[in-house]
Amino acid sequence: MIPPAEAKTYHAFGDTASFLLTGEQTGGSYTMFVNVTAPGGGPPPHRHENEDEWFYVVEGRAEFFQDGEWAEVPAGTAVFMPRGSVHAFRNVGDTPLKQIIHTAPSGFETFFSRMAEEFNRDGGPDMERVGAVSAEHGIYYV
């Protein structure tokens with residue numbers, strides 16, 4: 001059991017991710033985190049080689065990129081992105097977008113903590129390094 005106050009929280013890509021379950025608690029099966037994205041924010045289209053990813057939109061306005069198209073979904077929607085698929089999400093509203101995101105197997109928490117280090121460096125992130133670290137974790141931007 002991980003109460004919200006004990007979640008490991010990281011800031012990267014303009015998002016705040018609070019990890020409630022990691023590989024440590026799930027025996028490597030999956031990761032679960034609450035992700036908050038500011039208006040206009042969201043990752044660029046990308047794919048994961050190592051994990052499936054699924055989302056539950058708690059509040060706010062979200063658009064998802066899947067199968068080459070963007071589509072807005074209302075709060076309460078669940079979206080599944082299988083490994084290897086090019087996907088993205090973005091906040092198209094004027095309030096924060098809050099989602100619960102899962103990845104399986106676990107490991108995304110390590111990637112995000114490394115990205116937080118990069119994004120919180122003096123002078124901001126080195127985007128070449130962001131791409132290299134992402135590739136180490138099987139994540140590629142398209």
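Just so it is clear, the structure is predicted and the values come from calculations on it, not from any experiment.

In this section: the pattern of salt bridges. Throughout the structure, instances matching the rule amount to seven salt bridges. A salt bridge links Arg90 to Glu63; the shortest N-O distance between them is 2.7 Å. Within this pair, whereas Arg90 is found in strand E9 (residues 87–91), its partner Glu63 is found in strand E6 (residues 62–66), the two being separated by 27 residues in sequence. Owing to a relative accessible area of 31%, Arg90 belongs among the partly exposed residues under this scheme.

With that settled, the discussion passes to helix H3 (residues 127–136). Within the sequence span of H3, burial applies to Val130, Val133 and Ser134. Viewed end-on, H3 has its buried residues packed into an arc of 105°, placing them on one side of the element. With respect to the buried face of H3, the exposed residues turned more than 90 degrees away are Glu128 and Glu136. The elements touched by buried residues of H3 are helix H2 (108–119) and strand E11 (139–141). N-cap assignment for H3: the residue whose side-chain oxygen lies 2.9 Å from the backbone N of Glu128 is Asp126.

This model, assessed by the stated rule, comprises one cavity of 30 Å³ or more. Estimates place the volume of the largest cavity at around 200 Å³. Pro43, His46, Phe89, Phe108 and Phe112 are, among the 18 residues lining the largest cavity, the residues nearest its centre. Breaking the lining of the largest cavity down by element, the ones donating at least two residues are strand E3 (31–37), strand E4 (46–48), strand E5 (52–59), E9, H2 and E11. Here the residues of the lining of the largest cavity are counted per class, giving 12 nonpolar, four polar and two charged.

With that out of the way, let us pick up the packing of aromatic side chains. Under the counting rule described, the total for this entry stands at 14 aromatic pairs. Ring centres 6.2 Å apart and planes at 45° place the aromatic pair Phe64 and Phe89 in the tilted group. Within this pair, whereas Phe64 is found in strand E6, its partner Phe89 is found in strand E9, the two being separated by 25 residues in sequence. Considered together, Phe64 and Phe89 belong to a single accessibility category, that of buried residues. Taken together, the aromatic side chains of Tyr10, Phe13, Phe19, Phe33, Phe108, Phe111, Phe112 and Phe119 make up a single cluster linked through ring pairs.

So, how was this worked out
- Residues numbered from 1 in each chain as written.
- Predicted model: local features only at pLDDT ≥ 70, side-chain atom pairs only at ≥ 80, totals over all residues.
- Heavy atoms only, no water.
- Salt bridge = Lys/Arg side-chain N within 4 Å of Asp/Glu carboxyl O.
- Helix = DSSP H or I, 4+ residues; strand = E, 2+ residues; numbered from the N terminus.
- Buried < 20%, exposed > 50% of the residue type's maximum accessible area, 1.4 Å probe, protein only.
- Arc of directions from axis to C-beta.
- Contact = heavy atoms within 4.5 Å.
- Polar contact = N/O pair within 3.5 Å; in protein donor to acceptor, adjacent residues only side chain to side chain.
- 1 Å grid on protein atoms, 1.4 Å probe; cavity = no way out; pocket = protein on both sides within 12 Å on 5 of 7 lines; lining within 4 Å.
- Points joined across faces, edges and corners; volume = space filled by probe spheres on them.
- Nonpolar A, V, L, I, M, F, W, Y, C, P; charged D, E, K, R; others polar.
- Phe/Tyr/Trp six-rings, centres within 6.5 Å; stacked < 30°, edge-to-face > 60°.

All quantities given are derived from atomic positions and should not be read as evidence of function.
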